[in-house]
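# Descriptive analysis of the structure
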Amino acid sequence: DEYIERLVWRTPGGGSRGGPEAFDPKRLLEEFVNHIQELQIMDERIQRKVEKLEQQCQKEAKEFAKKVQELQKSNQVAFQHFQELDEHISYVATKVCHLGDQLEGVNTPRQRAVEAQKLMKYFNEFLDGELKSDVFINSEKIKEAADIIQKLHLIAQELPFDRFSEVKSKIASKYHDLECQLIQEFTSAQRRGEISRMREVAAVLLHFKGYSHCVDVYIKQCQEGAYLRNDIFEDAAALCQRVNKQVGDIFSNPETVLAKLIQNVFEIKLQVILNSNKYDLRNSNVLMEFNLGTDKQTFLSKLIKSIFISYLENYIEVETGYLKSRSAMILQRYYDSKNHQKRSIGTGGIQDLKERIRQRTNLPLGPSIDTHGETFLSQEVVVNLLQETKQAFERCHRLSDPSDLPRNAFRIFTILVEFLCIEHIDYALETGLAGIPSSDSRNANLYFLDVVQQANTIFHLFDKQFNDHLMPLISSSPKLSECLQKKKEIIEQMEMKLDTGIDRTLNCMIGQMKHILAAEQKKTDFKPEDENNVLIQYTNACVKVCAYVRKQVEKIKNSMDGKNVDTVLMELGVRFHRLIYEHLQQYSYSCMGGMLAICDVAEYRKCAKDFKIPMVLHLFDTLHALCNLLVVAPDNLKQVCSGEQLANLDKNILHSFVQLRADYRSARLARHFS
């Protein structure tokens, strides 16, 4: 479009009618025809050029393909020549290796024969009793002499003693003399600080029996003047730093020499210090940085145990004795701070019999003890006992033999159970049980829930230490099941006493409510003399009972956690309902008294909502519905009794409430209910 537009504007007469030149369609058509012809000529010319280039390209492609084929043939010929050359080289190499093997097969026996001949010559000199060879006479050839005598010594050991006893003795004597000379030479070179000479002598001595003595000499001399500080491990670390730099240049096994040096420090130098006083071996970690050729941690642990072996043999006896004395002191210090003399808790048949009777009858056996609100449980004491036991478990892990570890850990656990669970918690539970007043006591102070709260917290701490510190020590041993069983038994024993104490505490709560009702509730409350002048919404007895119940519910929620709260509140709620139900059965109700009873039960039901136990709320809902029978018109009794809340109740229960009405004896009411 743009091309044609430009062509039109270039053509004279191709503009619009309003331009300087008038629009001339004929000229424009003529211009178009001429331009189309020019384009056709140009297209033909370009097409001929394209055909020429295509022919040239095809020609060059054929020539290139021919050249590639020629190169491929040349490459195949070259590859064949290369394969032939490679096969020829392999053939020649095989021949050379075969020839080398043959030469070695000839030369090795020859060398051995020459060496054997020399050894026989030297052996003859020992046999004749006169050493003439320069190698034995010239002190500068001690290295060659050592090599010869070492081989002769090995040969002499294979000879029969009866025929060659004398020559064997001479060789052994010479062997010992050369060994002593070499060690002396090594010692002198060490004092002079000649590392290269020490390396040469150590290499020769490597095949002698006295090589270990050479290492001992080196270790002894390098420690001279090394211990100047108060901390032996700082001195040992500095010594090892110095030795570590040169030991690799002297010995072929530097890590073994360094390990032997550290072993010498432990077994000799450190042992002397330990015999005189105590020492903190945690500083031995500074020696971990050196290459000791083995598991460094295991190596150092073995060294530490080796110097403490006399102490570790009866470790667990010392540990248990110490732990018992510490635990007893912690407990005694606590009871002394309370000015409390622990009373003896009986054991044996009589105590077991009392325990069974108490569990089955819930009777307080023995005199009640006034604890003055003291629970005799202390988190500080518990933390101290657990801390002592934790440290004992850590020492047990470090100091016990792996085979004895589970058994020793179990013994520590039994001490924890004895002092924490029995001497402290169980004693507090027994004291708390003895401090619970009888259910008919007036204005009794109930402290056992405080004992429950603290015992619950202590159980959590005890269980955490069991899992965190004891379990890793016994997890893969038969002692695991034994510990779990002991833990289960002690917890069940504690829970049984807690259940007994809670049950007796609930009885006391119900007893307190009974005293309140007996003291505050009057017969005239539900049968007033003036029916038209009743100004109260609910009775004074109801107000005081509800206040008491709310206080106890709050205390139970603060003393327990989890499902235990719901379980105890449900039991209290059921007993609370039974008490109110039986209490209401004791009175006769006028119409206005029945309304007041309904108001009381409504207040009791509002109090029951604080329990947040559906079953308890349902019981009071039903009781509230029963109280409606006290005020409903006689004609509507049957309709109310068949209502949703009362339809499923026993007819005797319904009848018992209807009988409480003051107008029950009227023939009209009895007829409607029959």
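Here the residue numbers are simple positions, counted from 1 along each chain's written sequence. Totals for whole chains, interfaces and linings use every residue, but because this is a predicted model, local features are given only for residues with pLDDT of at least 70 and side-chain atom pairs only at 80 or more, for both listing and counting. As a convention, hydrogens and water are excluded, and side-chain values are obtained from all of the structure's heavy atoms.

The name given to the protein in an unreviewed UniProt entry is Exocyst complex component 5, with the source organism recorded as Cebus imitator. UniProt positions are given in the numbering used here, feature names are shortened, and annotations may be inferred rather than shown by experiment. Quoted verbatim from the Sequence similarities (unreviewed entry) heading of the UniProt record, the comment on the protein is "Belongs to the SEC10 family."

What follows concerns the overall build of the protein. Counting secondary structure elements, the protein contains 24 helices and 0 strands. Whether a residue is buried, partly exposed or exposed follows from its accessible area with a 1.4 Å probe, protein chains only, as a fraction of its type maximum: under 20%, in between, or over 50%, in that order. Here the protein holds 674 residues, and the buried ones make up 37% of them. Split by element, the accessible area of the protein, about 40900 Å² in all, is 52% carbon and sulfur. We count a stretch as a helix when DSSP gives it H or I for four or more residues in a row; a strand needs E for two or more, and each element gets its number in order from the N terminus. The Shrake-Rupley method, run with a 1.4 Å probe sphere, supplies the accessible areas, and residue values consider only the shown protein chains as cover.

Angles shown run from 0 to 180 degrees and are taken between the N-to-C directions of axes, each axis being a line fitted to C-alpha atoms and, for helices, limited to the stretch in contact. Two elements in contact, helix H12 (residues 315-337) and helix H15 (residues 405-435), have axes separated by 10 Å at closest approach and are oriented at 15°. It follows from the interaxial angle that H12 and H15 lie roughly parallel. Remark: the crossing between H12 and H15 carries right-handed chirality. Listed contacts from H15 to Tyr315, Ile316, Glu317, Glu319, Thr320, Leu323, Lys324, Ser327, Ala328, Leu331, Tyr334 and Tyr335 of H12 are Asn408, Arg411, Ile412, Ile415, Glu418, Phe419, Glu423, His424 and Tyr427. By the convention adopted, Pro, Cys, Tyr, Trp, Phe, Met, Ile, Leu, Val and Ala count as nonpolar, Lys, Arg, Asp and Glu as charged, and the other residues, Gly among them, as polar. Of the residues contributing to the contact of H12 with H15, the split by class is 11 nonpolar, 4 polar and 6 charged. Relative orientations are named as follows: roughly parallel for angles under 35 degrees, roughly antiparallel for angles over 145 degrees, roughly perpendicular for angles from 65 to 115 degrees, and oblique for any other angle. Should the near helix be turned anticlockwise from the far one by less than a right angle, the crossing is left-handed, and should it be turned clockwise, the crossing is right-handed. Working rule for contacts: check all heavy atoms of both residues, and any pair within 4.5 Å makes them a contact.

What follows concerns the pattern of salt bridges. When a carboxyl oxygen of Asp or Glu lies within 4 Å of a side-chain nitrogen of Lys or Arg, that pair is called a salt bridge. Taken as a whole and assessed by the stated rule, the structure comprises 23 salt bridges. A salt bridge links Arg575 to Asp503; its shortest N-O distance comes to 2.2 Å. Of this pair, Arg575 sits in helix H19 (residues 563-584) while Asp503 sits in helix H17 (residues 479-520); the two residues are 72 residues apart in sequence, bridging distant segments of the chain. Classification of Arg575 by relative accessible area gives buried; the value is 11%. Taking the shortest distance from any N to any O, the salt bridge between Glu571 and Arg575 comes out at 2.8 Å. With Glu571 and Arg575 both in helix H19, this residue pair falls 4 residues apart, about one helical turn. Through salt bridges with shared partners, a single network forms among Glu185, Arg192, Glu194, Arg197 and Glu200.

This paragraph deals with empty space enclosed by the protein. One way to see where empty space is left: roll a probe the size of a water molecule over the atoms. Definitions used for this entry: grid spacing 1 Å over protein atoms alone; cavity, a set of points where a 1.4 Å probe fits but cannot get out; pocket, an open set with protein on both sides within 12 Å along at least 5 of 7 lines; lining residue, one with an atom within 4 Å of a point. Grid points are joined across faces, edges and corners, and a volume is the space filled by probe spheres set on the points. Applying the stated rule across the entire model yields 3 cavities of 30 Å³ or more. Taken as a whole, the second largest cavity spans an internal volume of roughly 50 Å³. What lines the second largest cavity is Ile142, Lys143, Leu182, Arg197, Glu200, Val201 and Val204. Those elements that place two or more of their residues in the lining of the second largest cavity are helix H4 (142-156) and helix H6 (195-205). Across the lining of the second largest cavity, the residue classes break down as 4 nonpolar, no polar and 3 charged.

According to UniProt, the positions carrying the feature "coiled-coil region" (unreviewed entry) are residues 36-74. This span, residues 36-74, is 100% helix and 0% strand, and a straight line between its end C-alpha atoms measures 57 Å.

The next thing to look at is helix H20 (residues 591-609). Under the convention used throughout, the expected extent of a helix is 1.5 Å for every residue step, that is, one less than its residue count. For H20, with 19 residues, the first-to-last C-alpha span of 27 Å sits near the 27 Å given by 1.5 Å per residue. When H20 is considered as a whole, its buried residues turn out to be Gly593, Gly594, Leu596, Ala597, Ile598, Asp600, Val601, Glu603, Tyr604, Cys607 and Ala608. The inward-facing, buried residues of H20 contact H17, helix H18 (540-559), H19 and helix H21 (614-627).

Together, Glu489, Glu492, Glu495 and Asp499 line one region of the surface with negative charge. Structurally, the position occupied by Glu495 is in helix H17. Judged by relative accessible area, Glu495 falls into the partly exposed class, the value being 42%. Every patch collects residues that have over 30% relative accessible area and no salt bridge, joining them within 9 Å if they carry like charges and within 5 Å if they are nonpolar side chains (Val, Leu, Ile, Met, Phe, Trp, Tyr). Here the positive residues are Lys and Arg and the negative ones are Asp and Glu; neither His nor the chain ends is included. The atom standing in for a charge is NZ when the residue is Lys, CZ when it is Arg, CG when it is Asp and CD when it is Glu.

With that out of the way, let us pick up the packing of aromatic side chains. Any pair of Phe, Tyr and Trp rings, taking the six-membered ring for Trp, is counted once the centres come within 6.5 Å. Such a pair is stacked with planes under 30 degrees apart, edge-to-face with planes over 60 apart, and tilted for the rest. With the rule as written, the count across this model stands at 15 aromatic pairs. Judged by centre distance (5.4 Å) and plane angle (65°), the rings of Phe526 and Tyr587 are edge-to-face. One end of the pair, Phe526, is in the loop between H17 and H18; the other, Tyr587, is in the loop between H19 and H20, with 61 residues separating them in the sequence. Neither Phe526 nor Tyr587 differs from the other in exposure class; each is buried. Seen from their ring centres, Phe526 and Tyr589 are 4.9 Å apart, and the 50° between their planes marks the pair as tilted. Taken together, the residues span a long stretch of sequence, with Phe526 in the loop between H17 and H18 and Tyr589 in the loop between H19 and H20 at a distance of 63 residues. Assessed through its relative accessible area of 1%, Phe526 is described here as buried. In textbook terms, an aromatic cluster arises when at least three aromatic residues are bridged by ring pairs, as seen for Phe186, Tyr211, Tyr218 and Phe251.

It is worth spelling out the side chain of Ser656 at this point. With respect to the element layout, Ser656 can be found in helix H23 (residues 651-658). Polar side-chain contacts of Ser656 include one of 2.6 Å to the backbone oxygen of Ile653. If we skip the residues at most four places from it in the chain, Ser656 touches Tyr581 and Gln585. In the analysis that follows, any N or O atom pair within 3.5 Å is treated as a polar contact, provided that within protein one partner can donate a hydrogen and the other can accept it, and provided that, for residues neighboring in sequence, both atoms belong to side chains.

Before going further, it helps to spend a moment on the confidence of the model for the protein. Values of pLDDT, ranging from 0 to 100, describe the predictor's confidence in every residue of the model. Confidence in the prediction for the protein averages 82 pLDDT; 85% of positions are at 70 or higher. Summarising per-element confidence for the protein, the mean pLDDT is lowest in helix H13 (residues 349-361) (50) and highest in H19 (94).

Below, the discussion takes up unusual backbone geometry. Phi angles above zero are rare outside glycine, and Phe376 is one such case at about 60°. Mapped onto the secondary structure, Phe376 falls in the loop between H13 and helix H14 (379-399). Judged by its relative accessible area of 7%, Phe376 is buried. Although it is not a glycine, Lys612 sits at a positive phi angle of roughly 55°. Its location among the elements puts Lys612 in the loop between H20 and H21.

Let us now look at a nonpolar patch on the surface. A cluster of nonpolar side chains, namely Tyr3, Ile4, Leu39, Met42, Ile46 and Val50, defines an oily patch on the protein surface of about 520 Å² accessible area. For the nonpolar patch, the secondary-structure elements that each account for two or more residues are helix H1 (2-10) and helix H2 (25-128). For Val50, the position within the fold is in helix H2.

Right, let's talk about the packing of H15 against H17 for a bit. The interhelical angle for the contact between H15 and H17, taken along N-to-C directions, is 5°, at an axis separation of 11 Å. Relative to H17, H15 is oriented roughly parallel. Here the residues of the contact of H15 with H17 are counted per class, giving 13 nonpolar, 4 polar and 9 charged.

This part covers the environment of Ala328. Among the structural elements, Ala328 can be located in helix H12. The exposure class assigned to Ala328 is partly exposed, which follows from its relative accessible area of 35%. Residues Ala328 and Leu385 lie 57 residues apart in sequence; the distance between their C-alpha atoms is 9.5 Å.

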